[in-house]
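Residues per chain are reported as follows:
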Amino acid sequence: MKKKISYHTRLKRRLLLNQIFKFIFMSTIIVSIMVLAILVIDVLQKGLGSLDLDFILNMPSSRPERAGILPALLGTLWVIGLTALISIPVGIGTAIYLQVYADKKSWFFKALNINIANLAGVPSIVYGILGLTVFVQLLKIGPTVLAGALTLSLLILPVIIVSSIEAIKAVPSSITEGSLALGVSRWRTITGVVLPMATPGIMTGSILALSRAMGEAAPMIMVGAVGFVTFLPDSIMDRYTLLPMLIYNWTSRPQDAFAQIAAAGIIVMLILLLLTNLTAIIIRNKTQNRVD
Amino acid sequence: MKFSKILISTLIVALGLVACATPKTSLKGSIAIDGSSTVYPIAELVTEDYNADYPNVEITVGFSGTGGGFTKFAAGEIDIANASRKIKQAEIDALVAAKVEYLELKVAYDGLSVVVNKQNTWVDYLTFTELKAIFGKDATATKWSDVRAGWPEENIVIYSPGHDSGTFDFFTEAVNGKSGVIRQDSETVKISFSEDDNILVTGVAGGKGAIGYFGFAYFEENADKLKVVPLTKDPVKAAVTPVFATIADSTYPLSRPLFIYVNKASLKRAEVMSYVTFFIKNAKKLSAEVGYVSLPDADYTAGLALLK
């Protein structure tokens, strides 16, 4: 027969267990924040001295004291802007098709879903090789901003699709069915009900994916991002360099002065990422208020 | 889509600001350069100075490695390929097949430096036979005592540049007789490869039994953390330490020339001709500025004569 334990003993045990888990979770968050803090402090210490307006507005240079990042900063904005223009519409379109139109019981749908989830885990360099073969060489786009943006779009599409599907799934079926029951067409239901309600989730996923794309260097070397350019990109068929390329090159130089400007480049990169994520939060909050 | 709108408008404003500040000269055009990351610092510096004189020539310099550079060179994607070793027969064949005619120009010397840890008190010099005992394909030495009798039983740990670099090709050819052949990574002797030479510096500086090799500039900047090893091919002769003089006159056995390969068809374009001429004329001063050893004057004169 089971021994009876009094209510108070059990309560004590539970409280103790509660304390232990609280401690474990607190330590995990403290460890991760500390690692991040060490990283940021280290970068700030090395880089803040070199970071000024000249650094942002100058051309890159072999003389570290004169070096700037303007072509790389603009290159990054061009490539990421174009990537957003390509990947977000395609991603949302795919998600709508898969979630609203596709027959979920068909083998095609299942195969597609598994594949998309798998693609999200493919190493980025593989996309670089694909981009080089298909966009740069086969389609003869050349090592341009467009080829870079197309490659990055492929890289982040799976993430955008998966997060958009989740956002669309989260729209209560009572509302969509209500709209359909009132005689609203399927298309108008999508544009007028589903998308506005799913926008916060879609935008959060998309912008986080874009932030990831912004930091990629490996696949971009493959598709033709270079280390040094003497001009600023002004069309999608221009050649370009990117912030991660400059940072990568500078950290591998022997002279210590390059390590410092690399750190300054990392700070700019962090600020850029922070701004993008901030945009994501603002968009999310605004659209959320509209729906609620 | 608000995000992209913000981006585009930022771009337009930024581009507008910059466009106002661009000066003008008559020579226009574009030049694409790629290849060795060892030659990259020289090419970058030359490009920067050239661009100060000719601001309307659009130049890109990449660093996808000597091998990667030649692939692009054969595909006609670039006008100039930087190389930290001589072109290989297979690469020549590819260029012939693609009907690309080229010009080979020497721009500077680099002394591939073999380095060990500062605490390594025993290594006074190494012969090529001993290097082969450490780096060779069938090398068996696992401890320093296996390399030369009397050295301590410290484990050997190897740091080497990655397989796509010309530095790796040159070193393996010089030491092991065949380019690309090196000892296998094993339980007993660990080999770490990295395309980033600063990681190799950190690795060698961090382990007492470590040995590695890379361009002279990386040793020079880290001379306080590393010990450079004098080398000799012939065990009877005295070993030579890499310094500017011994690298320049090639008495240092791992002294290697750095090249640029120019597409002859591209050379017909005025901007490419003017750029390459500028490169050779200024290579002496500028290669020294980034830590390489300049060629004897006669080599530069010969290079200029080739261009005519």
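Here the structure is a predicted model, which is why all the values come from computation and not from measurement.

S.K.: Is there a simple way to think about the overall build of chain B in this case?
M.R.: Helices and strands together make up the secondary structure of chain B, namely 13 helices and 12 strands. Counting only C-alpha atoms and orienting by the principal axes, one finds that chain B spans roughly 70 × 55 × 40 Å. Buried positions account for 55% of the 308 residues belonging to chain B. Intrachain contacts of chain B at a sequence separation of at least 6 include 74% that bridge at least 24 residues. Here chain B has roughly 13200 Å² of accessible surface; of this, 57% comes from carbon and sulfur atoms. Between the averaged position of the 31 positive side-chain charges in chain B and that of its 36 negative side-chain charges there is a distance of 3 Å.

S.K.: In this structure, what is going on with the side chain of Thr66(B)? I would like to understand it.
M.R.: All names here are of chain B. Position of Thr66 relative to the elements: it lies in helix α3 (residues 66-74). At a separation of 3.3 Å, a polar atom in the side chain of Thr66 contacts the side chain of Ser84. Excluding its chain neighbours within four sequence positions, the residues that come into contact with Thr66 are Gly35, Ser36, Asn82, Ala83, Ser84, Arg85, Asp164 and Gly166.

S.K.: Is there a simple way to think about the confidence of the model for chain B in this case?
M.R.: Detailed reading of the predicted coordinates is not advisable wherever pLDDT falls low. Residue and element names in this part refer to chain B. The share of residues in chain B with pLDDT of 70 or more is 92%, and the mean pLDDT across the chain is 88. Scored below 50 in pLDDT, residues 15-24 shows 11 contacts in the model against residues more than four places distant or in partner chains. Among the scores for the predicted complex, ipTM is 0.77 and pTM is 0.81.

S.K.: Help me out: how do you make sense of α3(B) in this one?
M.R.: Residue pairs spaced three or four apart in an α-helix point in one direction, given the helix's 3.6 residues per turn. Residue and element names in this part refer to chain B. Burial runs high along α3: 8 of the 9 residues are buried. Every buried residue of α3 is accounted for by Thr66, Gly67, Gly68, Gly69, Phe70, Lys72, Phe73 and Ala74. Backbone geometry just after α3 places Gly76 at a positive phi near 75°.

S.K.: Would you take a moment to explain the domain arrangement of chain B for this structure?
M.R.: Interfaces are frequently sized by the accessible area removed from exposure as the parts join. Residue and element names in this part refer to chain B. The domain boundaries assigned to chain B delineate domain 1 (25-109 + 257-307) and domain 2 (113-241). A C-alpha centroid distance of 30 Å is found between domain 1 and domain 2. Counting residues at the interface gives 11 residues for domain 1 and 8 residues for domain 2. Approximately 670 Å² of surface area, both sides summed, lies buried where domain 1 meets domain 2, with 45% of it carried by carbon and sulfur atoms.

S.K.: Sorry if this is basic, but what is going on with the pattern of salt bridges here?
M.R.: Proximity of charged atoms lets side chains of opposite charge pair with each other. All chains considered together, the criterion is met by 20 salt bridges over all chains. As a salt-bridge pair, Arg148(B) and Glu130(B) come within 2.7 Å of each other at their nearest N and O atoms. Here Arg148(B) is found in the loop between α6 (144-147) and β7 (157-161), whereas its partner Glu130(B) is found in helix α5 (residues 128-135), with 18 residues between them in sequence. Note on Arg148(B): relative accessible area 18%, which makes it buried. On the basis of relative accessibility, which here comes to 11%, the residue Glu130(B) falls in the buried class. The partner of Lys284(B) in a salt bridge is Asp297(B), with the nearest N and O atoms 3.1 Å apart. Of this pair, Lys284(B) sits in helix α12 (residues 270-289) while Asp297(B) sits in helix α13 (residues 297-307), placing them 13 residues apart in sequence. On the basis of relative accessible area, Lys284(B) is assigned to the partly exposed category, the value being 38%. Taking the relative accessible area as the measure of exposure, Asp297(B) reaches 47% and is therefore partly exposed. Sharing partners across several salt bridges, the network here consists of Arg63(A), Arg66(A), Glu48(B), Asp49(B) and Glu289(B).

S.K.: Explain the interface of chain B and chain A here, please?
M.R.: Residue-level contacts link 39 residues of chain B with 40 residues of chain A. Taking both sides of the interface into account, the surface hidden between chain B and chain A amounts to around 3500 Å²; carbon and sulfur atoms contribute 63%. Seen at the junction of chain B and chain A, the total is 5 salt bridges. Between Glu48(B) and Arg63(A) there is a salt bridge, with the nearest N and O atoms lying 3.7 Å from each other. Our enumeration of links across chain B and chain A arrives at 18 residue pairs in polar contact (both at pLDDT 80 or more). If you list the elements that add at least two residues to the side of chain B that touches chain A, you get α1 (2-20), α2 (40-53), β2 (57-61), α9 (216-221) and α12 of chain B. The leading source of residues in the side of chain B that touches chain A is α1(B), at 10 residues. Among the residues making up the side of chain B that touches chain A, the classes are represented as 21 nonpolar, 7 polar and 11 charged. Sheet topology places strand β1 (residues 228-229) of chain A next to β2(B); 2 bridges connect them, and they run antiparallel. Paired with Val229(A) across the two strands is Thr60(B), which belongs to β2(B).

S.K.: Explain the pairing of β2(B) to me, please; I cannot follow it from the model alone.
M.R.: The side chains of a regular strand alternate, residue by residue, between the two faces of the sheet. Residue and element names in this part refer to chain B. With 4 of its 5 residues buried, β2 lies for the most part within the structure. Here strand β1 (residues 29-35) runs beside β2; their pairing, made up of 5 bridges, is parallel. Bridge pairing links Ser30 to Glu58 in β2. Read as a crossover between parallel neighbours, the route from β1 over α2 to β2 is right-handed.

S.K.: What exactly am I supposed to notice about helix α8 (residues 197-206) of chain B here?
M.R.: Of all the residues in α8(B), the buried ones are Asp197(B), Asn198(B), Leu200(B), Val201(B), Gly203(B) and Val204(B). Looking at where α8(B) begins, the residue whose side-chain oxygen comes 2.9 Å from the main-chain nitrogen of Asn198(B) is Asp196(B).

S.K.: Whenever I open this one, the domain arrangement of chain A confuses me. Can you help?
M.R.: Residues and elements named next belong to chain A. When cut into domains, chain A gives domain 1 (7-50) and domain 2 (54-291). Taking only C-alpha atoms, the centre of domain 1 and the centre of domain 2 are 31 Å apart. Of the residues lining the interface, 6 residues belong to domain 1; the matching set on domain 2 comes to 7 residues. Both sides of the domain 1 and domain 2 interface together cover about 570 Å² of buried area, and 81% of this is carbon and sulfur. Inspection of the domain 1/domain 2 interface yields 0 salt bridges. Counting every contact that joins domain 1 to domain 2 gives 0 residue pairs in polar contact (both at pLDDT 80 or more). Across the side of domain 1 that touches domain 2, the residue classes tally to 3 nonpolar, 2 polar and 1 charged.

Basis of the calculations
Chains are numbered independently. Their residues run from 1 in the order of the written sequence. Labels are handed out in written order, letters beginning with A for the chains and numbers beginning with 1 for the ligands. Only residues with pLDDT of at least 70 are given local features in this predicted model, and only at 80 or more are side-chain atom pairs given and counted; all residues enter the totals for whole chains, interfaces and linings. Hydrogens and waters are ignored; side-chain quantities use all the structure's heavy atoms. Labels follow the DSSP assignment, with helices taken as runs of H or I lasting at least four residues and strands as runs of E lasting at least two, numbered in each case from the N terminus. We call a residue buried when its accessible area falls under 20% of the maximum for its residue type, exposed when it is over 50%, and partly exposed in between, using a 1.4 Å probe and counting protein chains only. We call two residues in contact whenever any of their non-hydrogen atoms come within 4.5 Å of each other. To measure how exposed things are, a 1.4 Å probe is used in the Shrake-Rupley method; for residues, cover is taken only from the protein chains shown. Counting rule for charge: Lys and Arg are taken as positive, Asp and Glu as negative, and neither His nor the chain ends is counted. The atoms used to mark charge sites are NZ of Lys, CZ of Arg, CG of Asp and CD of Glu. We define a polar contact as two N or O atoms separated by no more than 3.5 Å, with the added condition that, inside protein, one atom must be a possible hydrogen donor and the other a possible acceptor, whereas residues neighbouring each other in sequence contribute only through side-chain atom pairs. A residue's pLDDT is simply how confident the predictor is in it, with values from 0 to 100. Domains are outlined according to an automatic or database domain assignment. When two parts are brought into contact, each loses some accessible area as probed by a 1.4 Å sphere; the total of that loss over both is the buried area. When a carboxyl oxygen of Asp or Glu is within 4 Å of a side-chain nitrogen of Lys or Arg, the pair counts as a salt bridge. Residues are sorted three ways: Asp, Glu, Lys and Arg are charged, Ala, Val, Leu, Ile, Met, Phe, Trp, Tyr, Cys and Pro are nonpolar, and all the rest, Gly among them, are polar. Think of it this way: DSSP has to see at least two bridges between two strands before they count as a pair. When the strands point away from the viewer, a crossover counts as right-handed if the path from the first strand over the helix to the second runs clockwise.

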